[in-house]
Amino acid sequence: MHDGNRPVPCLAMLARGAIALCAALFLFVGTASAQLSSLAGGVSGKGAASQSAQTSAQPSLDDLIKILENDTTRKKLVETLKAAAYQAPAAAKSAASAGDQQAAVIRSLPGRIADYTRGAIGTVAQSFNNIPATGEAAVAMLAGARSINLPRIMQAITPVALVAVFVFLIYLVCRYFERGIFRRLAHGAEHASPLHKLLNLVVSGLVELVGVAVSWAAGYLAAAIFFGGPPSINQALFLNAFLLIELIKVGLSAFVAPNFPELRLTPFSNRQASYWYFWISRLVSIIGYTFLFVAPIVQQSSSLAAADAVRMIVVLFSTLLMIGLILKNRRRVRERLKRAKHNGERGFGAQVNALIGHVWWILAIGFVVSLFTVWLRSPETGFAFMTSATLKSIGAMAVGGLIVSVLSRVIAAGIPIPQGAKDRLPLLEKRVNSFIPNTLIVIRTLVIIAVICVILEAWSIFSFSAWVARPVAQRFVGGLVGAGIILVIGGALYIAVSSWIEYRLNPNYGKVPTARERTLLSLFRNAFTIAMVVVVAMLVLSQVGIDIAPLLAGAGVVGLAIGFGAQKFVQDIITGAFIQIQNAMNEGDVVEVDGVSGVVEQLTVRSVGLRTVDGTWYLIPFSSVAKVANYSKDFAYYVADIGVAYRENVEEVKQMMVDAFEELKASPVGENLISGFDMWGVNELGDSAVVVRGRVMTKPSTQWGVGRAYREIVKRMADERGIEIPYPHMTVWFGEGRDGKAPPVRVRDAAPPVAKTITDERAAADERREDRSQHGTIDETGKPIPPSDVDLESAGGGRG
């Protein structure tokens with residue numbers, strides 16, 4: 001129980017285990033009662049038969065002797081025995097066959113269910129029939145209270161009182177010194193990992209055990225000092241009762257940690273932990289000291305009936321107290337179990353917990369009443385069995401809940417990765433912790449199954465140990481263990497290979513990967529993942545006993561059918577394989593595929609993903625690719641076609657283009673240039689311009705940024721040198737009057753141009769140098785910017 005809203009797997013497991021425990025008890029109570037009755041009947045029947053046999057043995061022998069002495073009667077006896085010998089085998093065979101068939105039916109699972117169902121119905125009927133007898137037994141036990149001899153009891157307890165006072169004083173002193181140790185352990189576990197907290201909890205439990213052992217040993221020492229010898233039988237009874245009860249309390253304290261919440265691993269709030277520890281420890285003390293110490297002294301000092309009366313009074317009081325606690329906490333536990341469903345969860349666990357929340361108190365009261373009834377009718381064997389089974393069930397549920405709680409805390413905290421490994425493998429921590437929730441589900445399921453098996457075996461409903469001893473069960477369990485090992489190895493191998501690929505792709509460590517390496521490593525990761533999943537699945541199926549040979553043959557046939565039906569898919573893979581073999585493109589390249597230009601962001605064996613300049617992402621299957629234009633292969637060219645008016649001097653234009661290139665080399669874009677400027681001369685005499693062409697080699701995917709920067713410089717120099725760059729002209733006609741003259745046009749003188757100073761020129765140059773995108777070559781992350789349609793058209797149909 002927790003005040004927060006997070007799920008509590010420990011409480012859910014305890015509730016589910018309680019269902020199995022109560023069901024087991026339901027099947028056991030009536031069966032035990034019936035066995036007790038039949039046992040008594042059987043014993044009386046055997047006694048009557050024995051007496052009858054003793055009384056009739058001698059006459060039967062005399063008659064037999066007389067029959068054998070007479071020839072006639074002897075012959076008749078022989079004939080009768082022969083006739084019986086011929087008929088007996090068939091009858092015996094028929095009876096044996098019917099018995100074997102019935103035993104075979106009962107041994108089967110449906111037969112066991114039917115047998116248990118029949119026993120449960122008989123249990124209910126027998127329980128109702130035994131109510132009067134149970135009441136009479138209770139009244140008879142209470143009647144023994146009349147024989148209690150208080151003076152003799154006080155006389156027997158007086159020597160024990162001094163030892164008891166000394167033991168409890170030593171125990172209080174130990175508890176006082178233990179609190180300092182507990183505070184230090186709690187402080188160290190406040191922000192520690194779940195495993196560290198569990199270790200501190202174990203240490204605190206050992207410290208408590210040492211305190212209990214010291215107090216117990218001090219009691220023996222006090223008896224030797226005060227009474228001059230070993231402790232009496234009554235003192236030994238008290239010391240042993242003290243030891244056993246305090247050991248149970250130590251286990252309970254470790255489970256709920258009522259005083260130090262920092263050490264608590266179970267999901268109880270502080271108030272709930274203190275509340276339940278208080279009442280359960282009191283019940284343990286009352287029942288324990290009564291049965292282990294008080295009742296034996298009363299029996300010794302008074303009578304067995306008086307001791308039974310004392311036990312009856314204490315058990316009845318404890319039963320009523322437990323029923324009162326159950327009714328008082330009925331609503332609180334119900335709301336806690338239904339919280340997950342109220343929060344919107346629709347899973348199977350939430351539905352089961354909500355159902356248990358409605359009926360838990362009925363089952364709990366039924367369990368308490370049944371426990372009381374069995375103890376009343378069979379205080380020795382039946383109660384011992386029920387006590388043992390109950391303690392085993394509670395212990396299994398407590399251990400299972402503790403394991404699940406620790407695992408839940410480990411999952412919540414995650415598995416930390418050292419900072420150095422995290423820098424080299426940024427996704428390792430996320431990848432490792434992504435497996436944790438599924439692992440928790442598997443472990444939680446196994447823990448729940450183990451708890452249920454322990455409960456069923458404790459109540460003698462199903463013997464898991466006997467089942468495991470069978471060859472079929474051993475093969476099944478061995479297959480599951482082998483499958484689990486294969487899954488763990490496969491997961492570890494996947495994490496190792498993915499982490500190695502991630503390390504190779506990390507440019508901050510080791511050798512910087514090339515585009516080719518990035519592409520091949522990504523493809524290898526995908527292929528390895530698919531192959532590993534197939535291999536692991538086949539091995540797991542083989543481990544659990546499934547023959548994978550027919551599966552492989554069937555997979556071949558299915559693959560052939562799919563190959564005919566998915567020819568495009570096969571064509572995608574084959575074409576993609578040849579494209580990768582020829583190294584036609586890699587991730588990060590600027591390519592043109594199927595009429596779409598963009599940067600390669602995803603490359604698989606069957607498709608390529610492109611991101612265009614406007615951000616659109618295209619997925620193009622290789623089966624539709626007829627040609628691939630890669631603008632990032634080795635190097636690129638920027639072809640400069642500069643159109644000028646026919647009146648301009650071509651030599652001056654050439655000099656301007658060369659000067660512009662020299663300035664380009666000094667700009668930030670200059671680092672992308674590989675060669676000098678190749679001046680080709682007049683390339684075209686167009687309708688309105690003379691086109692002069694030059695070319696420069698650049699780094700791959702940078703030709704468009706180089707072209708933008710170069711054209712910007714050429715435009716500025718042409719304006720400065722008065723070289724006209726032609727453009728289409730438009731004649732504006734203002735109309736004319738009736739006299740054939742055009743109306744006057746009002747012309748206002750423009751403001752005189754402001755002369756740029758040297759400082760302005762330098763500022764403009766600095767502004768141009770601060771262009772971090774290198775005129776649209778790369779983005780802010782360093783990735784190449786793909787060309788637009790205008791860039792491709794300005795390239796003139798060449799490489800760049």
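Rules used in this analysis
Residues numbered from 1 in each chain as written. Predicted model: local features only at pLDDT ≥ 70, side-chain atom pairs only at ≥ 80, totals over all residues. Heavy atoms only, no water. Buried < 20%, exposed > 50% of the residue type's maximum accessible area, 1.4 Å probe, protein only. Helix = DSSP H or I, 4+ residues; strand = E, 2+ residues; numbered from the N terminus. Pairing = 2+ DSSP bridges. Axes fitted to C-alpha atoms, helices over the stretch in contact; angles between N-to-C directions. Contact = heavy atoms within 4.5 Å. pLDDT = per-residue confidence, 0-100.

Draft legend 1. Molecular detail of the pairing of strand 3 (residues 607-611). Buried residues dominate strand 3, accounting for four of its five residues. In the sheet, strand 2 (residues 596-603) pairs with strand 3 via four bridges, with the strands oriented antiparallel. Note on strand 3: the bridge partner recorded for valine 599 is arginine 611. Between strand 2 and strand 3, which pair antiparallel one after the other, the connecting turn spans three residues. The pairing of strand 3 with strand 4 (residues 617-621) spans five bridges and is antiparallel. Residue serine 607 lies in a different strand from strand 4, and its bridge partner there is proline 621. Here strand 3 hands over to strand 4 after five residues, with glycine 615 in that stretch at a positive phi of 90°.

Draft legend 2. Examining the sheet that holds strand 7 (residues 678-685) more closely. With antiparallel pairing, three strands are arranged side by side in an open sheet as 6-8-7. Looking at strand neighbours, the two that pair on one side only are strand 6 (636-644) and strand 7, the edges of this open sheet. Across this sheet, the average inter-strand angle for adjacent strands is 25°, counted without regard to direction. Bridging between strand 7 and strand 8 (residues 690-698) involves six bridges; their strand directions are antiparallel. Across the sheet, the residue bridging to glycine 681 is arginine 693, located in strand 8. Helix-sheet contacts for helix 22 (residues 650-666) involve strand 6, strand 7 and strand 8, and the interaxial angle to strand 8 is about 25°.

Draft legend 3. Structural detail: the confidence of the model for the protein. On average, the protein scores 76 in pLDDT, and the residues at 70 or more come to 70%. Confidence drops under a pLDDT of 50 for residues 1-21, and excluding neighbours within four residues, the segment shows 63 contacts in the predicted structure.

Draft legend 4. How the structure looks around the sheet that holds strand 3. Spatially, five strands are ordered 4-3-2-1-5 in an open sheet, and the strand pairing comes out antiparallel. Either end of the sheet is taken by a strand with one partner, and the two such strands are strand 4 and strand 5 (628-630). Averaged over neighbouring strand pairs, the angle between their axes works out to 40° when direction is ignored.

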